[in-house]
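# Commentary on secondary and tertiary structure
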Amino acid sequence: MAESPRRVVVTGMGVVCPLGNDIETVWSRLIAGESGIAPITRFDPSRLTSRVAGEVKDFDPADYVDRRTARRMDPYSHFAVAAARQALDAAELAVAPEAERLGAIVGSGGGGLSTFEQQSRVMLEHGPQRMSPFFATMMIPNMAAAHVSLELGLKGPLSAVNTACSAGANAVGDAFEIIRRGAAAAMLAGGAEAPICETGVGAFDVMRALSARNDRPQAASRPFDAGRDGFVIAEGAGILVIEELEHARARGARILAEVAGYGMSSEAFHVALPDETGASQARAMTAALREAGLAPADVDYVNAHGTSTPAGDVAETRAVKVAFAEHARRVPVSSTKSMTGHLLGAAGAIEAAFCVRAITAGVVPPTINLTDPDPDCDLDYVPGVARSLQVDVAMSNSFGFGGHAVSLIFRRYAD
């Protein structure tokens with residue numbers, strides 16, 4: 001008789017994003033409906049159409065790693081280590097006694113973009129011999145995971161995910177599967193991104209994917225609104241400590257929620273545009289529900305990918321209708337990107353944390369700036385104001401360029 005899969009739970013969370021540098025600050029501002037979007041200060045954005053972003057503020061990497069090491073890391077790794085330390089502290093998990101059973105997996109869409117930009121300029125202006133010997137190890141997209149492992153002393157499974165804007169969600173889901181098969185007792189899993197440099201913003205700006213609402217930055221990200229004109233790029237990291245249930249119980253850990261389902265699909269449609277029918281995104285949601293042993297009516301809240309792009313929001317609305325059928329009209333579906341902006345490869349991880357917090361707090365965050373609903377986006381998007389609600393099951397959706405579709409399901413922990 002086959003052994004039942006191990007149950008997996010969340011025991012700690014860390015977040016660094018435009019709303020704050022810890023989960024408590026971020027959550028309180030999120031529930032208050034505040035925006036973290038402002039004019040770009042990282043560089044002179046005057047050559048770009050979009051000049052607003054979700055920048056992390058008042059962050060000092062030296063609070064989390066020694067200054068010499070910090071100088072040899074890209075900002076996306078700084079954010080990852082900060083969120084990881086927060087998550088580990090919150091979980092009260094001691095690494096040293098069982099380092100070989102503890103691992104890390106961190107997703108990123110772009111890796112060390114600002115390092116790449118800076119060192120490319122050095123090479124073009126002064127030649128390759130003037131480039132930093134740490135260029136490669138600052139830039140490559142596995143280094144956030146590597147630094148989390150190095151700084152925290154984790155010696156178990158170590159991996160990185162590079163699936164564009166679904167990377168953070170994939171990292172959490174992949175860690176869930178690693179623990180379920182018994183390859184680790186606990187994993188630090190999530191995503192990190194630092195794309196706010198001229199190359200990073202410019203890449204999406206030239207695609208006309210970004211909002212050009214420069215005169216009102218806090219109103220620029222407006223998922224599901226008829227006036228939306230693109231997403232707002234943002235930076236930061238989210239890391240969750242996910243742990244095998246019996247391991248968490250044995251050490252007396254506080255269990256925040258259970259990881260119940262992980263679904264993936266491929267659109268096989270276009271390198272950037274979503275399939276407007278939503279069918280492939282719906283398959284990811286349905287797969288996550290199937291793995292969790294849940295029906296659509298069991299879901300109390302959906303944290304939407306909801307990027308504020310004209311095509312993406314309509315496609316996701318249709319996907320929810322396909323996956324949830326008649327329950328689509330009843331389930332609250334909000335986009336926290338209206339406040340954080342879009343953290344690309346880190347988005348799925350911080351939004352997973354928001355789903356867990358919705359379960360523990362009994363509140364679902366709003367979609368702000370939704371003042372003129374798009375007729376094609378006609379679900380309950382929790383407009384403007386957070387809503388008190390008992391959440392027993394929450395779903396988080398993440399979709400990435402290339403057709404990646406990921407859904408994660410979290411549920412209230414019960415013996």
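Residues numbered from 1 in each chain as written. Predicted model: local features only at pLDDT ≥ 70, side-chain atom pairs only at ≥ 80, totals over all residues. Heavy atoms only, no water.

## Here's the deal with unusual backbone geometry
For Asp58, which is not a glycine, the phi torsion comes out positive at approximately 55°. Under the relative-accessibility criterion, Asp58 is labelled exposed at 81%. For Ala164, which is not a glycine, the phi torsion comes out positive at approximately 55°. (Buried < 20%, exposed > 50% of the residue type's maximum accessible area, 1.4 Å probe, protein only.)

## What to know about the packing of helix α10 (residues 279-292) against helix α11 (residues 310-324)
Following both chains from N to C, one finds α10 and α11 inclined at 45°, their axes separated by 8 Å at the closest point. It follows that α10 is oblique to α11 by the angle criterion. The interaxial crossing formed by α10 with α11 has right-handed handedness. Judged by residue contacts, Gln281, Ala282, Met285 and Thr286 of α10 engage Ala315, Glu316, Ala319, Val320, Val322, Ala323 and Phe324 from α11. (Axes fitted to C-alpha atoms, helices over the stretch in contact; angles between N-to-C directions. Helix = DSSP H or I, 4+ residues; strand = E, 2+ residues; numbered from the N terminus. Parallel < 35°, antiparallel > 145°, perpendicular 65-115°, else oblique. Left-handed = near helix turned anticlockwise from the far one by under 90°. Contact = heavy atoms within 4.5 Å.)

## Focus on helix α13 (residues 347-361)
Its 15 residues give α13 an end-to-end C-alpha distance of 21 Å, which sits within 8% of 21 Å, the value for a rise of 1.5 Å per residue. In the segment just after α13, Gly362 is the residue with positive phi, at about 70°. (Expected span 1.5 Å × (residues − 1).)

## Some words on the packing of helix α3 (residues 75-91) against helix α6 (residues 143-152)
With their axes 9 Å apart at the nearest point, α3 and α6 run at an angle of 45° to one another. Here α3 is positioned oblique relative to α6, judged by the angle of their axes. Crossing of α3 against α6: the hand is right-handed. Residues Tyr76, Ser77, Ala80, Val81, Ala84, Arg85 and Leu88 of α3 form the contact with α6, whose own contacting residues are Met143, Ala144, His147, Val148, Glu151 and Leu152. When grouped by side-chain class, the residues that make up the contact of α3 with α6 number nine nonpolar, two polar and two charged. (Nonpolar A, V, L, I, M, F, W, Y, C, P; charged D, E, K, R; others polar.)

## Here we look at α10
With 14 residues, α10 ought to run about 20 Å at 1.5 Å a step, and its terminal C-alpha atoms sit 20 Å apart, in line with that. For α10, the complete set of buried residues consists of Ser280, Gln281, Ala282, Ala284, Met285, Ala287, Ala288, Leu289 and Ala292. Here the buried face of α10 lies against β8 (257-266), α11, β13 (393-400) and β14 (404-411). Phi for Gly293, located one or two positions after α10, is positive at around 70°.

Any link to function would need more than the numbers given here.
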